[in-house]
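# Results of the structural survey
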Amino acid sequence: GVPDLARAYALYRRQLEFLAEADGDANKRWTLKCPAHVPFLADLATSFPDAKVVWTHRDPKASLPSLGSMFRTFADMCESGPVDLAAIGREQLAFWSLAADRADATLAAKNAPPCAHVKYADLIKDPVAVV
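Procedures and definitions
- Residues numbered from 1 in each chain as written.
- Predicted model: local features only at pLDDT ≥ 70, side-chain atom pairs only at ≥ 80, totals over all residues.
- Heavy atoms only, no water.
- Core = buried A, V, L, I, M, F, W, Y, C linked by side-chain atoms within 4.5 Å.
- Buried < 20%, exposed > 50% of the residue type's maximum accessible area, 1.4 Å probe, protein only.
- Helix = DSSP H or I, 4+ residues; strand = E, 2+ residues; numbered from the N terminus.
- Disulfide = S-S within 2.5 Å.
- Salt bridge = Lys/Arg side-chain N within 4 Å of Asp/Glu carboxyl O.
- Contact = heavy atoms within 4.5 Å.
- Patch = residues over 30% accessible without salt bridge, like charges linked within 9 Å, V, L, I, M, F, W, Y side chains within 5 Å.
- Areas by Shrake-Rupley, 256 points an atom, 1.4 Å probe, with all protein chains shown as cover.
- Phe/Tyr/Trp six-rings, centres within 6.5 Å; stacked < 30°, edge-to-face > 60°.
- Lys NZ or Arg CZ within 6 Å of the ring centre and 35° of its normal.

Turning to the nonpolar core, a few remarks are in order. With seven residues, the main nonpolar core is built from Val38, Leu41, Val53, Trp55, Ala99, Ala103 and Leu107. Element by element, the count of residues in this core is highest for helix H4 (residues 85-108), at three residues. By size, the runner-up hydrophobic cluster in this structure holds six residues, among which are Tyr9, Leu44, Phe48 and Ala51.

What follows concerns the state of the cysteines. Per the counting criterion, the structure on display carries zero disulfides. As a non-bridged cysteine, cysteine 34 has cysteine 115 as the owner of its nearest cysteine sulfur, 15 Å distant. We classify cysteine 34 as partly exposed; its relative accessible area is 37%.

Here we come to the pattern of salt bridges. Applying the stated criterion across every chain yields a total of two salt bridges. A salt bridge links glutamate 17 to arginine 13, with the nearest nitrogen and oxygen atoms 2.9 Å apart. Taken together, the residues glutamate 17 and arginine 13, both in helix H1 (residues 6-22) and four residues apart, mark about one turn of the helix. Of the charged contacts in the structure, one is a salt bridge between arginine 72 and aspartate 76, with a shortest N-O distance of 3.2 Å. With arginine 72 and aspartate 76 both in helix H3 (residues 60-78) and four residues apart, this pair spans about one turn of that helix.

Bringing the environment of valine 83 into the picture now. Residue position: valine 83 is located in the loop between H3 and H4. A relative accessible area of 19% places valine 83 in the buried class. Sequence separation of valine 83 and threonine 73 is ten residues, and the distance between their C-alpha atoms is 9.6 Å. Here valine 83 is in contact with Arg72, Ala75, Asp76 and Ile88, once residues within four sequence places are set aside.

What follows deals with a nonpolar patch on the surface. A surface patch of nonpolar side chains, amounting to about 380 Å² of accessible area, comprises Met70, Phe71, Phe74 and Met77. As for its position among the elements, phenylalanine 71 is in helix H3. The class of phenylalanine 71 is partly exposed, set by a relative accessible area of 31%.

What follows covers the packing of aromatic side chains. Where two aromatic rings form a pair, the distance of their centres and the angle of their planes describe that pair. Within the structure shown, the criterion is met by four aromatic pairs. Pairing tyrosine 12 with phenylalanine 48 gives two aromatic rings, centres 6.2 Å apart and planes at 75 degrees, and the pair type is edge-to-face. Taken together, the residues tyrosine 12 in helix H1 and phenylalanine 48 in the loop between helix H2 (41-47) and strand E1 (53-57) connect sequence positions 36 residues apart. Between phenylalanine 95 and tryptophan 96, the aromatic rings sit 4.8 Å apart at their centres with planes inclined by 85 degrees, giving edge-to-face as the arrangement. Residue class for phenylalanine 95 comes out partly exposed when judged on its relative accessible area of 35%. Joined through ring pairs, the aromatic side chains of Tyr9, Tyr12 and Phe48 make up one cluster. Directly above the aromatic system of tryptophan 30 lies the positively charged group of lysine 28, at a separation of 5.5 Å from the ring centroid. The ring of tyrosine 120 has arginine 58 sitting right over it, with the charged end atom 4.9 Å from the ring centre.

Here it is in C-alpha cells:
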C-alpha cells in the first residue's frame, strides 16, 4: 500500500515555518516543486490547507524513460551486478499510475485543494503566460 504521510507533511510544514521565521518573513509563500507530492495530495492538503496545486502534465513517453534513467543511475551507484531495467520500468509505471489515480481521486473530492492543470510543453514554450 501507499504510506500515510500526514505526520511527515505536518513536520515539513513546521520546518518551512521555522525557515521562514529565520528568514524574517513568517508569512513567506512557498513553492514546493516535487513530483513525489502527486500521490500524497490529500496528506499535503491537510497540513497546507491553503495550498494551490499546479499539476504539470508531461508526456509519459518522455517522462518515464527520464525517471528510469535516473533510477538506473541510482542502481549503478548502489548495487553490484547487473541492473534489471525492465523491473525499473515496471516499478515506475506502476508507481506513477497509482500516483495519478490517487491524485485524481483527491482532486475530485468536495474539499480538494484548487488545482491548475498545465501542459509541460506549454510551460516550457511560454512560462510567463502559463503561470
